[in-house]
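# Observations on the three-dimensional arrangement
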Amino acid sequence: MPDFAHALKTALFERFGETFDVDEGQSGLEELAHIAAHRVCRRYQPRAVAPDLLRLVCASALSAPTKSDLQQGDILILRENAKRHAICDLLPEMPWLRDAPVFLVFLANGHRLPHIAALRGTPFPNDHLDLFFNATVDAAIVLATFVRAAEAVGLGCCPISVIRDHAATVSEMLKLPDKVIPVAGMSVGWPAEPGAISPRLSLSVTVHEEEYSEDDLTARVDGYDRRRAALRPYRRQRQPERFGEAAFYGWSEDKARQYAMPQRADFGAFVRAKGYRLD
Ligand SMILES: Cc1cc2nc3c(=O)[nH]c(=O)nc-3n(C[C@H](O)[C@H](O)[C@H](O)COP(=O)(O)O)c2cc1C
């Protein structure tokens, strides 16, 4: 019998740098150990994913909770090489994507609900920001649950938000109607390497008790930077020509530099062009 309590504690220690108390008699430890050991996968074996297995994982992902039972998160599967490669051609910065046998696109579907209202002959006074937000949240929940389900059967995956750098092109390629927008892509396949746990900010930063708090945020981010750099140092610094070579380059320096460049500043225009009213 595998020691799931030990596996869970080990994964969480690597992730958060602290020891969590785990009652060995607690039910569900096997599932928690799997969730805690999550890791993104960007290298794949040259091996197909059976369509039935993919359907099973999609069905499991779509069993996730959905806001008001509205079911506004969809999955689009791309298996044909020509279509997958057309997406890969848009993202030459990620050449490993070509090796993934399956590429999915998670869609926020704000189209179906107004369509159903028209079908039933009812007014639809909810064409405002909330429609976009609800559909996006639903799609994100389906995406996260897909990762969990895929990893449960031994598949590896990587969400790909960079497809939104080409949102209009992707939308046209996939024939997305009004109010159906890509939230993220996802490469899926059989992992070619075990991967590694990516450390996260400590729970003292991301879990708040009774009220929101940023106590000691600077010191806590610094502590995380140091712990993470010891485990998984960055191989390259971003924009050294603009910011110089940092003597110590941690997560916060990397994220600050990453977001010192405008990212997808045209995404709002795309979303509006797809028919969403964001007021
Ligand atoms: C919504 C979303 C979009 C992402 N987009 C990309 C992407 O475009 N390219 C990429 O290489 N990784 C992408 N990732 C993967 C993250 O970089 C990865 O999850 C993060 O570094 C943490 O690693 P972990 O998942 O192994 O814990 C994305 C993840 C999420 C959740």
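That block above? That's the structure.
Overview of the structure. Quantities reported herein were computed from a predicted structural model and do not represent experimental measurements.

## Some thoughts on the pairing of strand β1 (residues 73-78)
Two faces belong to every sheet, and in a regular strand the side chains alternate between them. In terms of residue burial, β1 counts as a mostly covered element, since 5 of its 6 residues are buried. Of the pairings in the sheet, the one linking β1 to strand β2 (residues 102-109) comprises 6 bridges and is antiparallel in character. Across the sheet, the residue bridging to Gly 73 is Ala 108, located in β2.

## Looking at the sheet that holds β2
Across the sheet, 4 strands lie side by side as β1-β2-β4-β3; this open sheet has antiparallel pairing. For this open sheet the edge positions go to β1 and β3 (156-160), each flanked by a neighbour on one side alone. Strand-to-strand twist across the sheet, computed as the mean angle between neighbouring axes with direction ignored, equals 25°. Pairing geometry for β3 and strand β4 (residues 180-189), over 5 bridges, is antiparallel. Bridge pairing in β4 places Gly 156 opposite Gly 189. In the packing of helix α6 (residues 129-152) onto the sheet, contacts are made with β1, β2, β3 and β4, and the angle to β2 comes to roughly 150°.

## Describing the site of the ligand
The environment of the ligand is made up of 14 residues, and the closest members are His 38, Val 40, Arg 42, Pro 159 and Ser 161. Here an oxygen atom of the ligand sits 3.2 Å away from a polar atom, N or O, in the main chain of Val 162. Between the ligand and Arg 200 there is a distance of 2.9 Å, counted from an oxygen atom to a side-chain nitrogen or oxygen. In isolation the ligand has 620 Å² of accessible area, and contact with the protein removes 67% of it. The element that contributes the greatest number of residues to the shell around the ligand is β3, accounting for 3 residues. Taken together, the residues of the shell around the ligand sort by class into 7 nonpolar, 3 polar and 4 charged.

Procedures and definitions
- Residues numbered from 1 in each chain as written.
- Predicted model: local features only at pLDDT ≥ 70, side-chain atom pairs only at ≥ 80, totals over all residues.
- Heavy atoms only, no water.
- Buried < 20%, exposed > 50% of the residue type's maximum accessible area, 1.4 Å probe, protein only.
- Helix = DSSP H or I, 4+ residues; strand = E, 2+ residues; numbered from the N terminus.
- Pairing = 2+ DSSP bridges.
- Axes fitted to C-alpha atoms, helices over the stretch in contact; angles between N-to-C directions.
- Contact = heavy atoms within 4.5 Å.
- Near = heavy atom within 4 Å.
- Polar contact = N/O pair within 3.5 Å; in protein donor to acceptor, adjacent residues only side chain to side chain.
- Areas by Shrake-Rupley, 256 points an atom, 1.4 Å probe, with all protein chains shown as cover.
- Nonpolar A, V, L, I, M, F, W, Y, C, P; charged D, E, K, R; others polar.

Treat this as a map of the structure, not an account of what it does.
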